[in-house]
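The chain contents come next:
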Number of protein chains: 2
Amino acid sequence: MTVNWAEHFSSLASKTEGSALADIFKLTERPDVISFAGGFPAPDMYLIPEVQDVAKEVFSRHATKALGYGPTPGFSEFRDFIAARQTRLDMPAARQNILITSGSLQALDLLGRMFLDKGDRVLVEGPTYLGAITTLSTFDVQIETVPTDEKGLQVEWLEEHLRAWSRQDRLPRILYTIPTFQNPSGRVLDLDRRYYLLELACHYDFMIIEDNAYGELRFRGEPVPTLKSLDEEGRVIYLGTLSKVFSPGVRLGWLHAEPEVVRKGILLRQGVDQCSNSIGQLLALEFGKRGLLEKQIQHTSQMLKQKAEMTLSQLEKEFPPDSQWTRPEGGFYTWVTLPEYIDTQKALLHCVEKARVAYVPGPAFYCRNQGQNQLRLCYSEPSLDKIKEGIPRLAQALAEGGRG
Amino acid sequence: MTVNWAEHFSSLASKTEGSALADIFKLTERPDVISFAGGFPAPDMYLIPEVQDVAKEVFSRHATKALGYGPTPGFSEFRDFIAARQTRLDMPAARQNILITSGSLQALDLLGRMFLDKGDRVLVEGPTYLGAITTLSTFDVQIETVPTDEKGLQVEWLEEHLRAWSRQDRLPRILYTIPTFQNPSGRVLDLDRRYYLLELACHYDFMIIEDNAYGELRFRGEPVPTLKSLDEEGRVIYLGTLSKVFSPGVRLGWLHAEPEVVRKGILLRQGVDQCSNSIGQLLALEFGKRGLLEKQIQHTSQMLKQKAEMTLSQLEKEFPPDSQWTRPEGGFYTWVTLPEYIDTQKALLHCVEKARVAYVPGPAFYCRNQGQNQLRLCYSEPSLDKIKEGIPRLAQALAEGGRG
């Protein structure tokens, strides 16, 4: 007699089905596919010789520490390093404000455990990072999508709805946002709207989770202050990550928040994975202390600039005149809106199988059925030549295979 | 105006308070403390020169892979390596049976998400691993403690209660057990009881989660088959870890189960931390392929044998005649039961501050208030000299400070 698994799965497990993220990994495994899908750094963005030198140092001088357990909130020296860096970036922090996490998605999972009860209202941008949708969905909450435009999330819409929710006594607990070089849109939340959003959070008493995975990867235009740097109440919980500026494989991110939040996060993490990997922390610390994060950020931003320009100029040349796309000033993504008769989910299989080119269809970035005629292009990973070759192939495949 | 955090925390966060695990880390930080507290390998159990050589190979040949994202279930080659190893250990497995996790505690968290709904009944041994209690508690379930004796968990007690729970239609969903060199007791579940337990799981249709963190670290006596190797239905979900046989700092464990469970685990993990760290996986794979896991297991077991013998002979000499302790054949721990008038929780502060010696008090290993006169000694980390010196100091400090 074998087990009937379906009978044994929890309600969460029963409703958890295949997601677009898994598909991304599969699509990118075929070597002949030009992939604009996964949001990965390109291999030549890594500083390999520098990393080799750092690794040699870590394993020759700190091998025992690298192999042993670290404390749950991260190594103290590493927390101090991150705190000093946050301070330099206009977000004053000390060690007790920093919790090291296994990637910034883990930080979001911990924050979900910390702030969310079943049925709570949670706000995200539409479209938004699909990993965040996956994580927030596990808490059985009511996710509301705040619409966005070229200036980021629409604060007037938000205020109107906050007023209504306040009357119902059903205000949101948290708002999750990627205000700078948003995933998937590449957009930046306008400075005036940043102030407006902070006022709304204060007035309606909800937390803002600011995911700034891409904020340092600006390749044109003027920097806009982070929400955290404008925050006077400790209401913004900042999520940082080394995935785009050092290495995604080290699985290291951090949360910058009030000490109360960090303390609770440490306790909750003891039931999750206890601590982040020690080797990664020591590598990242040594890499950072040598000033190499800044070097990699500069190097990566330059490459992103060229790749974004190539992508935009190819889109201009190859895509039909009734399509639109965002013009990012930094980060990994442009967000393409096609004529309404094109269904990007249906077209994906055709694009991959016939034209060997991949992207992520728009609906992956929404909680409900939206974005059917939209798609995310990640220009970070493919080379300039592949971008040049891939966009025309994509345009043609969408025209052939995209009719809904 | 600052945020009133207590008003914002979820019900889970509100009830999550400081745990013994955090205290362990703090206690062991003072260099003059002889710590029998944390369940860590000793620094000289690591094979440092071999690891340095492995690291050199990984960073010179696979640096890009080591820095990049890996797939959610782990690198395929690493899953294959673990599957082959499980097969050699009499637990036949293929890649689709293996999910790599960030330590085996993460596997338990994923399994909780997979099998547990609020209010479900869950079984653990009493005493049991405190990390498991922490993790299972987050699911708002009813944890029942199955009592244990020198042969491990009491299957007759279990059967009696299963019958009663069956009549109430409230059977448990899972049983979490560490059948070999249990944490904290060091005991081994008797072979007859293993068969009996499997029959009960089959008859009453619940899952067994077998945590085998210590099973390979036998230093005397004859091996007993794992529950997984006796399992004919796929009902046993096996948790393995590299924390005690390679390095806890790599944060790598695995789950060995039916493909349905692994598939669901991959999906659930996409909302948690997406994947394990790549560097650790590549290091562990290269280390394993060179046969070094076996070398480290042998080396560690020999050291544990000496340390356990020193611990037991010192206990014999120094502890009062009305106290008892287990005599482990492997693993890290002995479990000490003192006269009832000694309160090990109250005594801990005195032991650390006055005698500079640390342990974990018994109640940490129970869900409810039990084990007040018990404590766990981990003999793995301190050197032979420190054990020799520490046990008499502990005996005296308990006599002075332990009266409840």
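Residues numbered from 1 in each chain as written. Chains lettered and ligands numbered in written order. Predicted model: local features only at pLDDT ≥ 70, side-chain atom pairs only at ≥ 80, totals over all residues. Heavy atoms only, no water.

A. Spotlight on the packing of aromatic side chains. Throughout the structure, instances matching the rule amount to 24 aromatic pairs over all chains. Judged by centre distance (6.0 Å) and plane angle (45 degrees), the rings of phenylalanine 115 of chain A and tryptophan 5 of chain B are tilted. Linking phenylalanine 115 of chain A in helix 7 (residues 104-115) with tryptophan 5 of chain B in helix 1 (residues 5-8), this pair reaches from one chain into another. Residue classification places tryptophan 5 of chain B among the buried residues on the basis of a relative accessible area of 5%. Between phenylalanine 319 of chain B and tryptophan 325 of chain B, the aromatic rings sit 6.4 Å apart at their centres with planes inclined by 85 degrees, giving edge-to-face as the arrangement. Taking the relative accessible area as the measure of exposure, tryptophan 325 of chain B reaches 10% and is therefore buried. An aromatic cluster of at least three residues, connected via ring pairs, comprises Trp5 and Phe9 of chain A together with Phe115 of chain B. (Phe/Tyr/Trp six-rings, centres within 6.5 Å; stacked < 30°, edge-to-face > 60°. Helix = DSSP H or I, 4+ residues; strand = E, 2+ residues; numbered from the N terminus. Buried < 20%, exposed > 50% of the residue type's maximum accessible area, 1.4 Å probe, protein only.)

B. Spatial organisation of the side chain of serine 278 of chain B. You can see serine 278 of chain B is positioned in helix 13 (residues 278-289). Taking the relative accessible area as the measure of exposure, serine 278 of chain B reaches 0% and is therefore buried. In contact with serine 278 of chain B, not counting residues within four places along its chain, are Gly249 of chain A together with Lys65, Ala66, Gly68, Tyr69, Gly70 and Phe75 of chain B. (Contact = heavy atoms within 4.5 Å.)

C. Geometry of unusual backbone geometry. Residue and element names in this part refer to chain A. A cis amide bond links glycine 126 with the next residue in sequence, proline 127, at an omega value of 0 degrees. Structurally, proline 127 is set in the loop between strand 3 (121-126) and helix 8 (130-137). The backbone of phenylalanine 181 sits at a positive phi, close to 50 degrees, despite the residue not being glycine. Position of phenylalanine 181 relative to the elements: it lies in the loop between strand 6 (174-177) and helix 10 (191-204). Its identity as a non-glycine residue notwithstanding, arginine 251 has a phi of 50 degrees, on the positive side. Summarising the element assignment, arginine 251 is placed in the loop between strand 8 (236-241) and strand 9 (253-256). You can call arginine 251 buried: its relative accessible area is 4%.

D. Structural detail: the sheet that holds strand 10 (residues 324-325) of chain A. Residue and element names in this part refer to chain A. The strand order across the open sheet built from four strands is 10-11-14-13, with neighbouring strands paired in antiparallel fashion. Every interior strand has two partners, whereas the edge strands, strand 10 and strand 13 (360-361), have only one. Strands strand 10, strand 11 (333-337) and strand 14 (374-378) of the sheet are contacted by helix 14 (residues 292-318), whose axis makes an angle of about 15 degrees with strand 11. (Pairing = 2+ DSSP bridges. Axes fitted to C-alpha atoms, helices over the stretch in contact; angles between N-to-C directions.)

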